[in-house]
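Here's the letter readout for the chains.
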Amino acid sequence: MTERTLVLIKPDGVRRGLVGDIISRIERKGLTLAALELRQIDEDMAGRHYAEHQGKPFFPSLVEFITSGPLVAGVLEGPRAVAAFRQIAGGTDPVEKAAPGTIRADFALETQENLVHGSDSPESAEREIALWFPNLSD
Ligand code: CMP
């Protein structure tokens, strides 16, 4: 069954010129791009996207980071798209958790500046796609 997931290539990925490489990995995995857009978001949008992290110690610096420059937002489609993108992204901590060969393990050092975001469940994907791409939502 086809599923959708939201992907963000965060400002560190854009600054470092890794957008092409990351999209290439997504395409080689077999996921399809249903939307792709360069965006600069404000604090309000950052707070909505990361609502579940409000109140955590790293929240203020996460908002500062995610609003620090343009990012690439996209919607991926494919069988088990949520899990498939999380597999190629690797764990949140790029050194301790991400497996070798994943985007985060191969290109990142810090838990905050970890290059990509992917929805963590089909329910989160639905909420996040409605937030970022309202025209795509059912
Ligand atoms: P992401 O998958 O986008 O979801 C929440 C983000 O918060 C995460 O990736 C990291 O960028 C950041 N994050 C999560 N845990 C920490 C932490 N302990 N310290 C700093 N940033 C974190």
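Residues numbered from 1 in each chain as written. Predicted model: local features only at pLDDT ≥ 70, side-chain atom pairs only at ≥ 80, totals over all residues.

Q: Please give an account of the site of the ligand that cites residues and values.
A: Looking at the ligand, the residues that line it are His53, Phe58, Leu62, Thr92, Thr111, Gln112, Asn114 and His117. When the residues that make up the shell around the ligand are grouped by side-chain class, the tally is two nonpolar, six polar and no charged. (Near = placed C-beta within 6 Å. Nonpolar A, V, L, I, M, F, W, Y, C, P; charged D, E, K, R; others polar.)

Q: Report on the UniProt feature "binding site: ATP" (unreviewed entry) in the protein chain, specifying residues and quantitative values.
A: Mapped onto this structure's residue numbering, the UniProt feature "binding site: ATP" (unreviewed entry) falls at Lys10, Phe58, Arg86, Thr92, Arg104 and Asn114. With respect to the helices and strands, Thr92 occurs in the loop between helix 5 (81-89) and helix 6 (103-107). When neighbours within four sequence positions are excluded, Thr92 is seen to be in contact with Lys97, Thr111 and Asn114. On the secondary structure map, Asn114 appears in the loop between helix 6 and strand 4 (116-118). Residues contacting Asn114, with those up to four places away along its chain left out, are Thr92, Pro94, Arg104 and Ala108. (UniProt positions renumbered as here; feature names shortened; annotations may be inferred. Helix = DSSP H or I, 4+ residues; strand = E, 2+ residues; numbered from the N terminus. Contact = placed C-beta atoms within 7 Å.)

Q: Describe the UniProt feature "active site" (unreviewed entry) in the protein chain, listing the residues and the values that go with them.
A: Annotation from UniProt places "active site" (unreviewed entry) at His117. Along the chain, His117 falls in strand 4. Aside from chain neighbours lying at most four places away, what touches His117 is Val7, Leu8 and Lys10.

Q: For the pairing of strand 3 (residues 71-79), give the residues involved together with the corresponding values.
A: Across eight bridges, strand 1 (residues 2-9) lies against strand 3 in antiparallel orientation. Along strand 3, the bridge assignment pairs Ile9 with Val72. (Pairing = 2+ DSSP bridges.)

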